[in-house]
Amino acid sequence: MPATSQQSTLESLTSVFPLTFPTPTPTTHPDLVSTQDLHREEDLLRNPFSFRHWWTAIQNVKENSAALQKTESVSDFPPEVAALLGPLSSSAARKSLQRQVYLYEAALMQFPASFKLWKSYLQTRMSFVLGKLVVKRKAGGRKKFPEMREALEDEQEDLEQWEGGVDGIVGWEEWRLLIATFERCLMWIPRMPRVWLLYLSIFNHPFCPPQVSHTHARRTFDRALRTLPPSLHARIWARYLLWAESKGGATTVAVYRRYLVVDPSVTERYTALLLSENNPDPRPLEAAKLLLSLARRAARGEYTSPEGKSPYQLLGEFLDVVEEHAEEVGLDVPDTIDSNKKIADEAEVQHATSQQPPESASVDGKLIRFAGPAVSVGSDGKLLAPYDEDEDARSPRKLNVENIVHKDGLEVYKDQAGRLWTGLATYWIKRGEFDRAKHTFERGLASVLTIRDFTQIFDAYAEFSESLISALMESLANPDEDEDEEDVKETEQELDTKMKEFEELMDRRPFLVNDVLLRRNPNDVQEWEKRVALWGDNDEKVAETYDKALATINPRRATANFHRLYINFAKFYEEGGTTGEAERDLDSARKILDKATKVNFKTVDELAEVWCEWAEMEIRQENYDEAIRVMQRAAVIPKNTKINYFDHTLSAQARLFKSLKLWSFYVDLEESLGTVESTKTVYDKILDLRIANAQIIVNYAAFLEENKYYEESFKVYERGTELFTFPVSFEIWNIYLAKFVKRYGGTKIERTRDLFEQALEKCPPKSCKPIYMMYATFEEEHGLAKRAMAIYDRATNAVADEDKFELFTIYIAKATSNYGLPATRPIYEHALEVLPDRQTAEMCLRFAAMERKLGEIDRARAIYAHASQFCDPRVHPKFWQEWNNFEIETGSEDTFREMLRIKRSVQAQFNTEASYLAAQMAAKESGLETEAEAAPVDAMAAAERQAAVGGGGKAPAFVSAKSSTNVRQQEPLEAAPAAQANEDEIQISDDEE
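Residues numbered from 1 in each chain as written. Predicted model: local features only at pLDDT ≥ 70, side-chain atom pairs only at ≥ 80, totals over all residues. Heavy atoms only, no water.

A look at a negative patch on the surface
How we decide: What makes a patch is a set of residues exposed beyond 30% relative accessible area and free of salt bridges, joined within 9 Å when like-charged and within 5 Å when nonpolar (Val, Leu, Ile, Met, Phe, Trp, Tyr). The Shrake-Rupley method, run with a 1.4 Å probe, gives the accessible areas here. Residue values count only the displayed protein chains as cover. We count a salt bridge whenever a side-chain nitrogen from Lys or Arg sits within 4 Å of a carboxyl oxygen from Asp or Glu. The charge count treats Lys and Arg as positive and Asp and Glu as negative. His and the chain ends do not count. Where a charge sits is defined by one atom per residue type, namely NZ (Lys), CZ (Arg), CG (Asp) or CD (Glu). Only runs of H or I of at least four residues qualify as helices and only runs of E of at least two qualify as strands under DSSP, and these elements are numbered from the N terminus. For every residue, the accessible area obtained with a 1.4 Å probe (protein chains only) is divided by the maximum for its type, and the residue is called buried under 20%, exposed over 50%, and partly exposed between those limits.
Judged by side-chain charge, Asp 484, Glu 485, Glu 486, Asp 487, Glu 490 and Glu 494 come together as a negatively charged surface patch. Examined against the element boundaries, Asp 484 turns out to sit in the loop between α21 (451–477) and α22 (485–520). With a relative accessible area of 38%, Asp 484 lands in the partly exposed category.

What follows is the structure, given as structure tokens:
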């Protein structure tokens, strides 16, 4: 644009404003009232105090002006100039503004306190100056005002936005007059929050003049807070904080500091603003102090994070700030050391003061405080924490990060030690204090209690060492021109040192891990054993580790196999170190084992194991007499032998004399190295103490038998049977009877019989079968057959049900061999009475077979009939097939029909769903089809149909058993296929009728 045209444009814009000052009237602006408006003016003059008339007139003018602007919306200026004027770029809009201002001002002269009129007036003037308001659609009604954090988010979304607007420089006069109008309105209605919110909204407009968008805006917000009641302050603060965030810098800090005094819930938002990337003046020290204050208050239960963060998470955010802004937040190393020393001195003084008895002082009967920190009381009546400069955001003093991490982190959050130690080390690394960082890593590794924390610290430590080595190597690879040879040598020497330290760190890792596990549980025996193994061939360290382990572990809290530490330590001296190259020191080994025998182990077995190992060591050194003396010391019996072995309130030494493990080893030693008498003495002591088990009894008897003390060995067996009850004594009786019979055979029959009777007297049914068998065998070999048969008969009544069938089988076999088949009838009959149903059928088959051998066909048939009541045809097809064959071979037509009738009745008896399923399962297990599947039709009907087809409808002819060839040819009749029939139906032929 040429200079002349620019000059003319500026002059024209200057002539446009101000539009509404002085207030337009028909006198100053004759075109405000046309001839069409005379009727309106007269009406208003006649009714100056009628609000309805004024409101109607204003609405009519607004509607006419809107319609006029739509028809005459062409701007009077070029586009770039029109953009500066916004809604006032057309003459019609400017004229409309003047007309509406004239009417509103005249109406307000009559109704200066009308909120409705003022609100409409202000919104009208805002639409001409600020532009068209963008209306945001929102679902639902107005909810209760939320917490400030949520209110800020909601207000951020609801902030007014405008399209267009008058430039703040060009249209400064109109902006000033709009603000003046708001001030006049607030002079009349100062307690209307909606007016204040409208007023404050103009300061968020992007074209707001700089003359009013900062200081004037801040003062206006302050006036709103002073004027409105406290219940409405939250709505003002929401806009105030958002406005302060948009301005940034000192304004944001000043406003937020004021609000945090009232409501600390937005502190986390404030700290994020202080550290924001868009903040030109970040304040990390203030943010760190605020986060530290929140973490401490949350730990005390005085603060709840609106975002649901835990106290540890707040402390973690504090650590993040410290790591990122180490120089701005924390003290350097000398100041930290001085601060730590000062804190330690204060703690000592406080501890010494607390040890002194308190003295009370009073004035006029009221106690007064004359020492200690000041006590503050909050508005809610609760005591507030004493002032701490570390939590004062306005204090410029830097923080002692090391003390804070120890006090507020490591002492409180012991399960997060890894993160806290690495954070503190990272802080020193960011400050360039590498030695302090290394010291911090080492302290962390020496104090953590979990592998997770250890791994976290160790990985960070290794990464730090690798980064240092890489930096040194890079500096050597790319030396500066200013460096001389001495600097290069110094760098090389430092690199060698760092490499050596890094290698040592890697080599120390297994030891450090072991240290962690031992700190977590110093009574873990397995970890101490691993510690010994880590030292390998270093005998000095191995001995030192054993000594430390034995001095550290509490025997009552130790894990399993604590006694193995003493034993292995003694073997270490016995074998001459781990490699065996050192001189053997048996005296030291004996001292260690002797010390172990005085340790109150958790279990007696551990103490007994120590004594046994001591004796074994003496045996390995061929000191056999010393080994026996050691066991004699261990097995000393006190005067009071009624001590309960399982009474854990007593020491292991007091209960040792009842340890079977100790006595078993002692007696084995006596058998190997002692005499028969000494061994018998030890065995007798075991029996007197009543701690022997069945194996001890058997071993003692076997020992006496080997040494030809047969009668004494039998006495031992008898003592064993008295000590133990069944089923333990059953094994002793088994061995005892076998040994006795083998020794004396038939020479002491009555004594042997007495022993058998004594054994069977209390023997339960489950265990008596072998004894009865042995008893019967003895009678057969050395006694009378009649007594043997009587014993078998007794056994059939005494043994368990599951053993009866086998025993009857043996009984019948013995009776057959001794007296012949007829003598077995009473046995079979007795078996049928005694045996359970599932075994009766099998016994009946054998009984019937025996009767057939004797030619007793009728008796056999009666036996089959008796057994049929236990045999479901679908489950026991074998039984019915055998009876069928029997009738074909030996029966007649009537007997065959009777067999079939019985079969149908039995099948009807078992014809239930449960039995049918059982039949199917039994058939599947045996691999056979059920009879219901193999022969679905009635067997009798099938036989009759087959006879009718082959013989012209005549019934089948039966012959005697002597000429059974024709009958055998008819055996397949029962399995012949036929049409499906009712299994339960009884088929009766015409002949039977």
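With respect to the confidence of the model for the protein chain
The line we're drawing: Confidence scores here are pLDDT values: one per residue, from the predictor, ranging 0 to 100. Note on contacts: a residue pair qualifies if any of its non-hydrogen atoms lie within 4.5 Å across the two residues.
Averaged over every residue, the pLDDT of the protein chain is 81; the share at 70 or more is 85%. Predicted confidence is poor over residues 928–944, with pLDDT under 50, and the contacts of this stretch with residues over four places away or in other chains come to 35 contacts. Predicted confidence for residues 946–993 stays below pLDDT 50, and this span has 53 contacts to residues more than four positions away or in other chains.

A short note on unusual backbone geometry
In this structure, the amide linkage connecting Phe 21 to the following residue, Pro 22, adopts the cis form with an omega of -10 degrees. Assignment of secondary structure puts Pro 22 in the loop between α1 (3–16) and α2 (38–46). Cis rather than trans, the peptide bond between Phe 726 and Pro 727 has omega equal to 5 degrees. Relative to the helices and strands, Pro 727 resides in the loop between α33 (710–723) and α34 (728–744).

Describing the environment of Val 129
By the secondary structure assignment, Val 129 is in helix α6 (residues 115–129). A relative accessible area of 1% means that Val 129 is categorised as buried. Put simply, Val 129 and Val 166 are 37 residues apart on the chain and 5.3 Å apart in space, counted from C-alpha to C-alpha. What Val 129 contacts, discounting residues up to four positions off in sequence, is Gly 165, Val 166, Glu 174, Trp 175 and Leu 178.

A closer look at the packing of helix α36 (residues 768–782) against helix α37 (residues 785–798)
Keep this limit in mind: Inter-axis angles, ranging from 0 to 180 degrees, are taken between N-to-C directions of lines fitted to C-alpha atoms, where helices are fitted over the stretch in contact. Convention used here: angles under 35 degrees read as roughly parallel, angles over 145 as roughly antiparallel, angles from 65 to 115 as roughly perpendicular, and any remaining angle as oblique. Ten residues, namely Ala, Val, Leu, Ile, Met, Phe, Trp, Tyr, Cys and Pro, are considered nonpolar, four, namely Asp, Glu, Lys and Arg, are considered charged, and the remaining ones, Gly among them, are considered polar.
Close contact between α36 and α37 brings their axes to 8 Å; oriented N to C, the two are set at 170 degrees. As judged from the angle between their axes, α36 and α37 are roughly antiparallel. Facing Cys 768, Tyr 772, Met 773, Tyr 775, Ala 776, Glu 779 and Glu 780 of α36, the residues of α37 in contact are Arg 787, Ala 788, Ile 791, Tyr 792, Arg 794, Ala 795 and Ala 798. Looking at the contact of α36 with α37 residue by residue, the class counts come to 10 nonpolar, no polar and 4 charged.

Regarding helix α19 (residues 417–430)
In an α-helix, one turn spans 3.6 residues, which is why side chains three or four residues apart end up on the same side. What counts is decided by this rule: In this scheme, a helix's expected span is set at 1.5 Å multiplied by one less than its residue total.
The end-to-end C-alpha distance of α19, which contains 14 residues, comes to 20 Å, matching closely the 20 Å that a straight helix rising 1.5 Å per residue would cover. The buried count for α19 comes to 11 of 14 residues, which makes it a mostly enclosed element. Those residues of α19 not exposed but buried are Ala 417, Gly 418, Arg 419, Leu 420, Trp 421, Thr 422, Gly 423, Leu 424, Ala 425, Tyr 427 and Trp 428. Where α19 is buried, its residues touch α15 (311–324), α16 (326–329), α17 (333–355), α18 (401–410), α20 (434–445) and α21. After α19 finishes, the residue Gly 432 shows a positive phi value of roughly 80 degrees.

Looking at the nonpolar core
Using the following cut-off: Here, the term nonpolar core denotes a set of buried Ala, Val, Leu, Ile, Met, Phe, Trp, Tyr and Cys residues that are joined through side-chain atoms within 4.5 Å. What fixes the domain bounds is an automatic or database domain assignment.
With 124 residues, the main nonpolar core has Phe 562, Leu 565, Leu 662 and Met 843 as its most contacted residues. Element by element, the count of residues in this core is highest for helix α27 (residues 604–620), at 9 residues. Mapping this core onto the domain boundaries places at least three of its residues in each of domain 3 (724–834) and domain 4 (844–920). With sequence-adjacent residues up to four places away left out, Met 843 is seen in contact with Phe 805, Phe 808, Ile 812, Tyr 828, Ala 831, Leu 832 and Leu 835. If you look at the next biggest cluster of nonpolar residues, it comprises 77 residues, including Leu 178, Ala 217, Trp 237 and Val 266.

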